[in-house]
Structures are given as structure tokens and as C-alpha cells.
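# Reading the structure
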Amino acid sequence: MPRLHSLIAGLGALSALTAPMLHPHPSGSTDRVTPGAVRVESSSHVRITLLDDRGVIKQMARDYDVDLAKGSGFTVTPDGVVVTATQVVQAADDPRVYAANRVFAEYFKVKIPADFKRHSLDDADLDRRLQACYPPQQTDSTCIADVTTNVSVYPYLDPPPAGGLPAQILTTGSSPAAPAVLKVTKGGEKQSLPTVPLGTTIGAAVESLDVMSLTGRPSAKLPPKLDTAHLDPPGSRTVKERDKVAKLLDDGASGAALIDDGKSEVVGFVSGGGDEPVTITPADDIRSALVAAGVTPRRGPVDVVYENALASYHNKLYSGAIPALQQVLNLRPDHAVAADHLRVAQSKAGTAEDAGAKPVARPTTAAQPKSSVPPYVWAAGGVVVLALLAVGVALLRRRSAAVRADGDGQAGPGIDGHGIDGHGVAGPGIATQGDFAGEAGSYPPGENSWPPYAVTRVFGAEAARSPEVMGPPPATPAPADPSPPGGPSYPADPSPPHGHAHPADPSPPRGHSYPPNPSPPRGQAQLKFCTQCGMRLGQGHRFCGFCGNPVDS
């Protein structure tokens, strides 16, 4: 046993030491958020008109589509309000510069790179006209440009919507890392788009995060990418893996949600990349931007049903999760995560992995679990039990011998203080063993013994009140002088039959009434009943064999 206790204590200490080393990223903490992931792509449509005032004024109009930026984001309302970084929808490069280079090179037949940089020409007149074509527009500008920014949102759906969902910009920030709030103009009418649970702030204890990004337009074959990161110190806005996050930003993670593993909710987003530093924008700033846009983040009916399905799914109750996941797909047939979970649940339902499946009877006998207690412990326990049994038997034999010795020389107690003498002759008022068929033995138990062997006879309420049991009521007690005046005759001689001792005077003390006579008919032993439960008392017993109440009480 000491070895067993030492082993248990050692295992407990080992678990206490290794617990802090476990990585705090729980399984399944992200699929509560991933349905609300989106890919954001922005572009600009530039319509530019070049004016040539040499001689007769001429005009040349052209339209150009310029890709601005691509990044990630997340949906915060079921009608399609999306949050991302400002740099995703408002590029640092001016598309009007790109359009000016293109249109000037085409019209004047000069070589100018088609990029976002301002260039110069050797010809003084052409160079003057080129510089006047660049923004900003003034009274002497040679170009008039009109820019329209187009934003497309690609939610994580299966199948994905062709061409994405068009969106308009509600608000942007003054810096590339500031939140930008978008609203889809088509596709959110039914208010059934999956959303993310948005937290309130980055708590002081938040350390483990998941960066949820989309490197391309999402689909079943290209789900959101999840990368672990850690805040250093916890609760700060600095990530420990800066190089890793910077590479993610170069691959299109700008605006990617940061998921708190402890609560499985979005607590901010990350932005930067290129010439911009890695920056974390907390949920506080996101909520402030939403307030400025007149938007309140909320979950939709699809999210509520989906969360209920996740509870069963992650508890491995696959049979119970199937109808809930099917209800999610009834509300949103292209819910990618619910469709994937449903396929898994259907494949595992009713198997050994299904915690909700009913146990199936198997013909083979289940293997008995092996005990971790060593065999010598069981052997030692058996020896102890046998020793205790031997001691108990010896004590019982010694006590029985003492009781028999007391019965040979002393009279045992009986009913009403009388007993049985040492020769087995019943005292006054006591019936001997065998007077009643089926009664218990007549020898009295020890003074402190509990008579489990007592046999009682149960009378019903009517039988207990019958004249045969209760007997006639006793006569009024006679005065002190038994010789009445006037010569009335004495009552019948109450002496018992020949050969029996005269019982003690049963008269009650002066001033008390005589209780009903419980004596049986003449020729039968006296019956006594327990004053506590009403059961008949065993012959010679001083305790009720039914309730244990003392006879004399």
C-alpha cells in the first residue's frame, strides 16, 4: 500500500509540473468563427480624358480598371456588414497617376511606364503637358479623371458566389491600419450570412491567438487559413512571431481576424506588410468605427442554430448533431463549415466514436478491466479478513459459554419481574417453552444482547381490541379493609390452578386507574405487547424484537 500511495503522489506531481507546458490552443476553438471569414478585393475604375489644345482642341477619353489591394476581413451582421483594414480598400498608390501615364503614352506616342509613379520627358513642351495631366486637378490641367472604387466581398460559402458580392464603403480610417466598414449591396437581403462573434477588447490575460486569413477567393478547397500567434506580453498589441505574421500579410492577410482561443471570439485584426509595419487593431477601435457608421454588430438566426449544432458536434454526439446541422443547411444551403461537419457526423454516427449512440449487444464477452492494485495487496487483505472472522467466532463462543453458565445457577428475568429458576421451572406468571406452537425459545437473553431471534405475533387492530385479548375490565379496587360491612360475599378466588405459584398483587398504586387486563383466557400463558409499536413481546424478552423498545419502559 505505501508503494501504491507513493506512485499516485508521483503521478500527481508530474501532472502538476507538465500542465503549464501544454499549449493553450483548444481543439475546435476556431470553427465558431471561420464561417464569417471573407476575402476582400478592391479595384478602381478610372475614366480619364486627355485635352490637346495645340491648334484645334482635341479630346481622348479612356477607361482603366486598376487593382488596388486584396486582403481579408470578417462579417459582423447577417445582412452583410464587413470589417477590414483601410489599406485593403484605400491603396496608397493613386490610380489617377496610372491612368495619366497610360493615356499620355498612347496619345503622344511616347514611352512612359504603365505604373503608379510620376515620370518626366526630355521634350519640354510634352513634359509640361504630362505634369499637368497628373493629379491634383487644377484650372490648367490637361487631364480630367474620375475615379470609382469597386469593392467585392467573397464570403466563405460552398459553392462560392460567382464574382463575389458587391459592397460599398461606409467608413474608412485616416491610417492604413484603421478599420474600414463595408456593406454588401447584394446577397444580404435575407439576413442569413454567417457572422463572427465580436469581442469587446483584448483582455490583459489574452495571449494565444489564431490569425484567420484567406490567401485567395474561398471555397471548399480553399478554406480560411489559421496560424497561431502569441501576444508578448499578454494583453498587448505586439506579437511574438513578427516575421511569421509579416509573411502572412504579404500573402494577403491584411485585415485578418485575430481569434482569442480562450473565448473563441474575434478580438481584433492585423494589418501591415510591404512598407507598413505589423499593426494590431483591437476590438475597441472596431466597435468605435461601427458606431461611426451607424452599425451594431449582431448574430443572425443561422448563427444561433449553428452554435447549437457545434455543442453536440464537439461533444462527439454525432447522432444528435446531424438534425441541427441539417437545419443550418436548410436556412443557408451554402454554409461551408456546416456542410463539412455534417459529412463527418454522418460518417461517425452510430459508430464507436459516437458518444450518443446506444450500446449494441455484442456476442463476444467484453474484456474485464485489469486492476491497477498489485496481487499482493489483495492477498494481504484476504488474510486480514480471515483473521477478523476467526476473532469474531472466538468471541461469540466465549459469550455463549458465559450465558450458559449464568443460566445454570441463576434465574433469568421474566415478565413482570419473575423468571425461570436454575432448574428450568417457570416462575410465577410465566409460560414455559412449548406452551404456544411457533413461539421463540423461552430462555432469556443476556442483559445487553439484542434478540434478533425473537419471534413476535402480529395482531390486527380489531384482534387487539377483541374481548379474548383485552379481557373483562377489572373490578373497582377494594378499600384497605377487605371485610365489607353488611356481609357481602368476597369475589371469586383468583388463585391459579393447582401446582402454580400465586402471582404478585397486580393492584395498581393508590390513586391510579387499573388498565385493561391483557391476560389470556385461563389455562394459557400471559400475553404482553410492546408499548411502542404494539407488537407482541417474545416470552422472557426484555426488549421488543420488532422495534427494540425496552419492555420495562
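Presented here is an overview of the structure given in this document.

Here the focus is the overall build of the protein chain. If you tally the helices and strands in the protein chain, you get twelve helices and 13 strands. Each of the 553 residues in the protein chain was classed as buried or not, and the buried ones make up 38%. Across the protein chain, every contact between residues at least 6 apart in sequence was considered, and the portion connecting residues at least 24 apart equals 61%. Accessible area for the protein chain stands at about 32,000 Å²; split by element, carbon and sulfur atoms hold 56% of it.

Further remarks concern the sheet that holds strand β11 (residues 276-282). Overall, antiparallel pairing links the five strands, which are arranged β8-β7-β9-β10-β11 in an open sheet. The sheet is open, and its two edges are formed by β8 (225-230) and β11, each paired on a single side. This sheet shows a mean twist of 30° between the axes of neighbouring strands, independent of strand direction. In this structure, strand β7 (residues 208-213) lies alongside strand β9 (residues 256-260), joined through four bridges in antiparallel fashion. Along β9, the bridge assignment pairs valine 211 with leucine 258. Contacting β7, β8, β9, β10 (265-273) and β11, helix α5 (residues 242-253) runs over the sheet at an angle of about 80° to β10. Relative to β11, helix α6 (residues 283-292) is tilted by about 75°, and along the sheet it contacts β10 and β11.

Turning next to the packing of aromatic side chains. In total, this model carries five aromatic pairs according to the counting rule given. With a centroid separation of 4.4 Å and 35° between ring planes, the pair formed by phenylalanine 104 and phenylalanine 108 is classed as tilted. Taken together, the positions of phenylalanine 104 and phenylalanine 108, both in helix α3 (residues 95-108) and four residues apart, correspond to about one turn of that helix. Summarising the burial analysis for this pair, phenylalanine 104 and phenylalanine 108 share the class buried. Phenylalanine 108 gets classed as buried once you look at its relative accessible area, which sits at 11%.

A separate point is the pattern of salt bridges. Counted under the stated rule, the structure contains 18 salt bridges. The partner of arginine 54 in a salt bridge is aspartate 52, with the nearest N and O atoms 3.2 Å apart. Residue classification places arginine 54 among the partly exposed positions, given a relative accessible area of 43%. By relative accessible area, which is 4% here, aspartate 52 ends up buried. Aspartate 334 is the salt-bridge partner of arginine 332, the closest N and O atoms lying 2.6 Å from each other. No difference in accessibility class separates arginine 332 from aspartate 334, as the two residues are buried. Here the residues in one salt-bridge network are Arg32, Arg299, Asp303 and Glu307, joined through shared partners.

A word on a nonpolar patch on the surface. Together, Val385, Leu386 and Leu389 line one region of the surface with nonpolar side chains, adding up to about 300 Å² of accessible area. Topologically, leucine 386 is positioned in helix α10 (residues 375-409).

Moving on: the sheet that holds strand β4 (residues 143-155). Reading around the barrel, the six strands line up as β1-β2-β3-β6-β5-β4 and close back on themselves, with antiparallel pairing between neighbours. Put simply, the sheet's adjacent strands are angled 40° from each other on average, direction ignored. Pairing analysis gives five bridges linking strand β3 (residues 81-85) to strand β6 (residues 179-184), with the strands arranged antiparallel. Counted as the bridge partner of valine 83 is valine 181 from β6.

The subject of this paragraph is the pairing of strand β1 (residues 37-52). Within β1, 13 of the 16 residues are buried, leaving the element largely enclosed by the surrounding structure. Alignment of β1 against strand β2 (residues 58-75), held across 16 bridges, turns out to be antiparallel. Looking at the pairing, leucine 51 lines up with glutamine 59 of β2. Here β1 folds back onto β2 in antiparallel fashion, the turn holding five residues, of which glycine 55 has a positive phi close to 70°. Of the pairings in the sheet, the one linking β1 to β4 comprises 13 bridges and is antiparallel in character. Directly across from serine 42, in β4, lies its bridge partner valine 151.

Further remarks concern the packing of helix α8 (residues 318-331) against helix α9 (residues 336-348). It is at 9 Å that the axes of α8 and α9 come closest, and there the two elements cross at 150°. One element, α8, and the other, α9, form an angle in the roughly antiparallel class. Note on packing geometry: the crossing formed by α8 with α9 is left-handed. Contacts between α8 and α9 involve Tyr318, Ile322, Leu325, Gln326, Val328 and Leu329 on the former and, on the latter, Ala338, Ala339, His341, Leu342, Ala345, Gln346 and Lys348. Residue composition of the contact of α8 with α9, grouped by class: nine nonpolar, three polar and one charged.

What follows covers the side chain of serine 254. Tracing the backbone shows serine 254 in the loop between α5 and β9. A distance of 3.2 Å separates polar atoms of two side chains, one belonging to serine 254 and the other to glutamine 87. Other than its neighbours up to four places away in sequence, serine 254 contacts Gly71, Ser72, Thr84, Ala85, Gln87, Val88, Leu249, Val270, Ser271 and Gly272.

Here we come to the state of the cysteines. Under the counting rule described, the total for this entry stands at one disulfide. What pairs with cysteine 133 in a disulfide is cysteine 143, and their sulfur atoms sit 1.8 Å apart. Across the S-S bond of cysteine 133 and cysteine 143 the torsion is about -90°, and the bridge reads as left-handed. Here the residue cysteine 133 occupies a position in helix α4 (residues 124-133), and cysteine 143 occupies one in strand β4, the gap between them amounting to ten residues.

Now for helix α7 (residues 301-314). With 14 residues, α7 extends 20 Å between its outermost C-alpha atoms, agreeing within 8% with the 20 Å of an ideal straight helix rising 1.5 Å per residue. Along α7, the residues that are buried comprise Val302, Asp303, Val305, Tyr306, Ala309, Leu310, Ser312 and Tyr313. Residue lysine 316 follows α7 closely and has a positive phi angle near 60°.

Their axes nearest at 10 Å, the elements α3 and α4 cross at an angle of 150°. For the pair α3 and α4, the sense of crossing is right-handed. Contacts between α3 and α4 involve Ala100, Val103, Phe104 and Phe108 from the former and Leu126, Arg129, Leu130 and Cys133 from the latter. Residue composition of the contact of α3 with α4, by class: seven nonpolar, no polar and one charged.

The rules behind these values
- Residues numbered from 1 in each chain as written.
- Predicted model: local features only at pLDDT ≥ 70, side-chain atom pairs only at ≥ 80, totals over all residues.
- Heavy atoms only, no water.
- Helix = DSSP H or I, 4+ residues; strand = E, 2+ residues; numbered from the N terminus.
- Buried < 20%, exposed > 50% of the residue type's maximum accessible area, 1.4 Å probe, protein only.
- Contact = heavy atoms within 4.5 Å.
- Areas by Shrake-Rupley, 256 points an atom, 1.4 Å probe, with all protein chains shown as cover.
- Pairing = 2+ DSSP bridges.
- Axes fitted to C-alpha atoms, helices over the stretch in contact; angles between N-to-C directions.
- Phe/Tyr/Trp six-rings, centres within 6.5 Å; stacked < 30°, edge-to-face > 60°.
- Salt bridge = Lys/Arg side-chain N within 4 Å of Asp/Glu carboxyl O.
- Patch = residues over 30% accessible without salt bridge, like charges linked within 9 Å, V, L, I, M, F, W, Y side chains within 5 Å.
- Parallel < 35°, antiparallel > 145°, perpendicular 65-115°, else oblique.
- Left-handed = near helix turned anticlockwise from the far one by under 90°.
- Nonpolar A, V, L, I, M, F, W, Y, C, P; charged D, E, K, R; others polar.
- Polar contact = N/O pair within 3.5 Å; in protein donor to acceptor, adjacent residues only side chain to side chain.
- Disulfide = S-S within 2.5 Å.
- Expected span 1.5 Å × (residues − 1).

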